[in-house]
Amino acid sequence: MPEAAAPGAADGKWEPVIGLEVHVQLSTASKIFCGCSTAYGAPPNTQVCPICLGYPGALPVLNAGAVELAARAALALGCEIHPRSIFARKHYFYPDLPKGYQISQYDRPLATGGKLAIRLDDGSAKTIRITRVHLEEDAGKSTHAVEGTRVDFNRCGTPLIEIVSEPDLASPREAFLYLSALKRALEYLEVSDCNMEEGSLRCDANVSLRSRGAARLGTKTEVKNVNSFRYVEAALAFEIERQAGILERGEAVVHETLLWDSARGEARPMRSKELSHDYRYFPEPDLEPLALEPGRLSAIRDALPESPGARADRFVAQYGLPAYDAAVLTATRPLADWFEAAAAAFADAKEVSNWVMGEVLRLANERGEAVTLAPAPRPLAPAALAGLLALKAAGTISGSAAKEVLAAMVETGKDAAEIIRERGLEQVSDSAALSAEIDAVIAAHPDEVAAFRGGKQGLIGFFVGQVMKRTGGQANPQLVNQLLREKLAGQEG
Ligand SMILES: [Zn+2]
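Rules used throughout
- Residues numbered from 1 in each chain as written.
- Predicted model: local features only at pLDDT ≥ 70, side-chain atom pairs only at ≥ 80, totals over all residues.
- Heavy atoms only, no water.
- Helix = DSSP H or I, 4+ residues; strand = E, 2+ residues; numbered from the N terminus.
- Buried < 20%, exposed > 50% of the residue type's maximum accessible area, 1.4 Å probe, protein only.
- Lys, Arg positive; Asp, Glu negative; His and termini not counted.
- Salt bridge = Lys/Arg side-chain N within 4 Å of Asp/Glu carboxyl O.
- Contact = heavy atoms within 4.5 Å.
- Donors = N, O, S within 2.8 Å, 3.2 Å for Na, K, Ca; no water.
- Tetrahedral: all angles 85-135°; square planar, octahedral: opposite > 155°, others 65-115°.
- Phe/Tyr/Trp six-rings, centres within 6.5 Å; stacked < 30°, edge-to-face > 60°.
- Lys NZ or Arg CZ within 6 Å of the ring centre and 35° of its normal.
- Axes fitted to C-alpha atoms, helices over the stretch in contact; angles between N-to-C directions.
- Parallel < 35°, antiparallel > 145°, perpendicular 65-115°, else oblique.
- Left-handed = near helix turned anticlockwise from the far one by under 90°.
- Nonpolar A, V, L, I, M, F, W, Y, C, P; charged D, E, K, R; others polar.
- pLDDT = per-residue confidence, 0-100.
- Core = buried A, V, L, I, M, F, W, Y, C linked by side-chain atoms within 4.5 Å.
- Pairing = 2+ DSSP bridges.
- Right-handed = clockwise from strand over helix to strand, strands pointing away.
- Domains from an automatic or database assignment.
- Arc of directions from axis to C-beta.

### Overview of the side chain of Lys90
Here is step 1: The topology assignment puts Lys90 in strand 4 (residues 87-91).
Here is step 2: In this structure Lys90 is buried but unpaired, with Glu136 as the nearest side chain of opposite charge at 5.4 Å.
Here is step 3: Among residues more than four places away in sequence, those in contact with Lys90 are Tyr101, Gln102, Tyr279 and Tyr281.

### Notes on the coordination of the zinc ion
Here is step 1: Donor atoms from the polypeptide that bind the zinc ion are Cys34 (SG), Cys36 (SG), Cys49 (SG) and Cys52 (SG), placed at 2.3 to 2.4 Å.
Here is step 2: Geometry at the zinc ion is tetrahedral, judged from the four donor atoms that bind it and their angles of 102 to 114° at the metal.
Here is step 3: Donor residues binding the zinc ion come from one chain and are separated in sequence as C-x1-C-x12-C-x2-C. Here Cys52 lies in the loop between strand 1 (14-25) and helix 1 (64-76) and Cys34 lies in the loop between strand 1 and helix 1, a separation of 18 residues in the sequence.
Here is step 4: When its relative accessible area of 4% is taken as the criterion, Cys52 is described as buried.

### Overview of the pattern of salt bridges
Here is step 1: In total, this model carries 36 salt bridges according to the counting rule given.
Here is step 2: Among the salt bridges present, the one from Arg230 reaches Glu233, with a minimum N-O distance of 2.8 Å. With Arg230 and Glu233 both in helix 3 (residues 229-248) and three residues apart, this pair spans about one turn of that helix.
Here is step 3: In this structure, Glu239 and Arg242 form a salt bridge, with 2.8 Å as the shortest nitrogen-oxygen distance.

### Let's talk about the packing of aromatic side chains
Here is step 1: All chains considered together, the criterion is met by eleven aromatic pairs.
Here is step 2: On the numbers, 6.1 Å between centres and 90° between planes, the contact of Phe452 with Phe463 is edge-to-face. Of the two residues, Phe452 sits in helix 14 (residues 446-453) while Phe463 sits in helix 15 (residues 460-470), which places them eleven residues apart along the sequence.
Here is step 3: By relative accessible area, Phe452 is classed as buried at 7%.
Here is step 4: Here a set of aromatic residues connected by ring pairs shows up, and it is made of Tyr92, Tyr106, Tyr279 and Tyr281.
Here is step 5: Over the ring of Tyr279 we find Lys90; its NZ or CZ atom is 4.4 Å from the centre of that ring.

### So, the packing of helix 9 (residues 349-366) against helix 10 (residues 382-393)
Here is step 1: In the contact formed by helix 9 and helix 10, the axes pass within 11 Å of each other and the chain directions differ by 115°. Comparing the axis directions of helix 9 and helix 10 gives the class roughly perpendicular. Judged by the sense of rotation from one axis to the other, the crossing of helix 9 with helix 10 is right-handed. The segment helix 9 lies against helix 10, with Glu351, Val352, Trp355, Val356 and Val360 engaging Leu385, Leu388, Leu389 and Lys392.
Here is step 2: Broken down by class, the residue content of the contact of helix 9 with helix 10 amounts to seven nonpolar, no polar and two charged.

### A short note on the confidence of the model for the protein chain
Here is step 1: Chain-level statistics for the protein chain give a pLDDT mean of 89 and a share of 94% at 70 or above.
Here is step 2: Per-element mean pLDDT across the protein chain ranges from 51 in helix 4 (residues 273-277) up to 98 in strand 10 (residues 159-165).
Here is step 3: Confidence drops under pLDDT 50 across residues 1-7; counting only partners more than four residues distant or on other chains, this segment forms ten contacts.

### Concerning unusual backbone geometry
Here is step 1: Phi is positive for Asn45, close to 60°, though the residue is something other than glycine.
Here is step 2: When you line up the elements, Asn45 lands in the loop between strand 1 and helix 1.
Here is step 3: Its identity is not glycine, yet Glu190 carries a phi of approximately 55°, on the positive side.
Here is step 4: Locating Glu190 in the fold gives a position in the loop between helix 2 (172-189) and strand 11 (201-211).

### Examining the nonpolar core
Here is step 1: Membership of the largest hydrophobic core comes to 67 residues, with the highest contact counts inside it found for Leu20, Leu135, Ile161, Ile163 and Tyr178.
Here is step 2: When residues of this core are assigned to their parent elements, the largest contribution, nine residues, is made by helix 2.
Here is step 3: In terms of nonpolar packing, the next biggest core, distinct from the first, is built from 38 residues, Ala336, Leu389, Ala408 and Ile420 among them.

### Digging into the sheet that holds strand 15 (residues 282-283)
Here is step 1: Read from one edge to the other, the open sheet built from three strands follows the order 5-4-15, with strand pairing classed as antiparallel. Each edge of the open sheet carries a strand with a single partner, namely strand 5 (101-105) and strand 15.
Here is step 2: For strand 4 and strand 5, the ladder comprises five bridges, and the chain directions are antiparallel. Its bridge partner being in strand 5, Phe87 is matched across the sheet by Gln105.

### So, the pairing of strand 13 (residues 256-261)
Look at any regular strand and the pattern is simple: side chains alternate between the two faces of the sheet.
Here is step 1: Burial analysis of strand 13 places five of its six residues in the buried class, the great majority of the element.
Here is step 2: Note that strand 12 (residues 221-226) and strand 13 share three bridges and pair parallel. Each residue of the ladder has a partner; that of Lys224, found in strand 13, is Leu259.
Here is step 3: Since strand 12 and strand 13 lie parallel, the crossover through helix 3 that links them has a hand, and here it is left-handed.

### Considering the domain arrangement of the protein chain
Here is step 1: We note that the domain assignment places domain 1 (14-299), domain 2 (308-423) and domain 3 (431-490) within the protein chain.
Here is step 2: Relative to domain 3, the C-alpha centre of domain 1 lies at a distance of 70 Å.

### Description of helix 12 (residues 416-423)
Here is step 1: Those residues of helix 12 that sit buried are Ala416, Ile419 and Ile420. Down the axis of helix 12, the smallest arc covering the buried residues is 100°, so these residues share one side.
Here is step 2: Among the structural elements, helix 10 and helix 11 (399-412) are those in contact with the buried residues of helix 12.
Here is step 3: Residue Gly424 follows helix 12 closely and has a positive phi angle near 60°.

In structure tokens form, the structure reads like this:
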């Protein structure tokens, strides 16, 4: 059972209480308070200006696109969006924060009180409450090396939302499932690319232990800036064990911030909480309160993209797919988009579904690529699958040949027709050519012909087999079957 993720000293006696703060980069082209690009991977300090570098007198201007994406996420998470929210300065000193403060939202956030449903491993649903969603800017990036620390300010001013959950998660596994559900929801909303390698989604985890069943929460610690869901799970499991050990010894857990070291598999204290929490928040004097009119809000609400659940329901209704297929195909938005593009180009949606769930996903997983095969050097286009299925439906190739052709298409980037030609996979569907082979088989087996005509209908398989043998397996079996029956019946009269 998944809750066993906190075994050992915790051993049922201690109950973990986990809350997550997730920082999500909004997918705007420019930063939150200036026009600098947010594109990833540019040379250091090339996407900066006096505003995001915090020059004295430079005035921030709020990016309306960032507000829209933040509102979209908050609405989809069922939050109440406040008509007025306030930006605040959060002060701390760090070399990658040139202003000496981060513009965030504090006591008057954009939105509060949402929820997200997760599906547990036993199939039951659990609702995780969301405390708040607020807008803020990112800091820069420090790289520590032997010769010193380098600072890249390109990230400064990148728009983020912070999504804070209530401490409703009861195990590292639940934290993993919550993060996965949140990522899927945000990807569907096109709020963020959620690219974890590029830091578009980062997580701070708060965890405490209490005696099982107790109402009062224990002292929590915070594991900072974990950038993979597996690391969050591992860091929480580590921290739960550590705290359980402290409590078992009758000692007190210290309220502190820890950093997860994935290489060593341990969390280490980062700085004392007294230092890190004296942020001296005050309202940002250079920005007006963020006011969202009801008209603008309802426009954003009306334009909310289809949710994963609604899309699965539509796949069942529109394409006549089983609920199972619909659930698999809507696992990610790119996969659902890929399926729909293929289904638009080939009439039999169930056939498309079978191939996407089967061969396409198998090939993608085998190659360690995203399910859509889109980032591959030779991406497989949905229309290419549709074209292959059309050739199969027309009897040009057999089902097993189609699998071989699809694998070769992904491997070589060539189109189906070219591969079929090169490999000689085309089925013989020429009636005249097949007729000659069938006549030869009939002439060679007079006893079997007599037995068939005497009522041994099962012998049809024998004749089909003989024709397939003579044609090197390339005859279209359906056509052979049909011609054989005609000839065996016809010659009788
Ligand atoms: Zn700038």
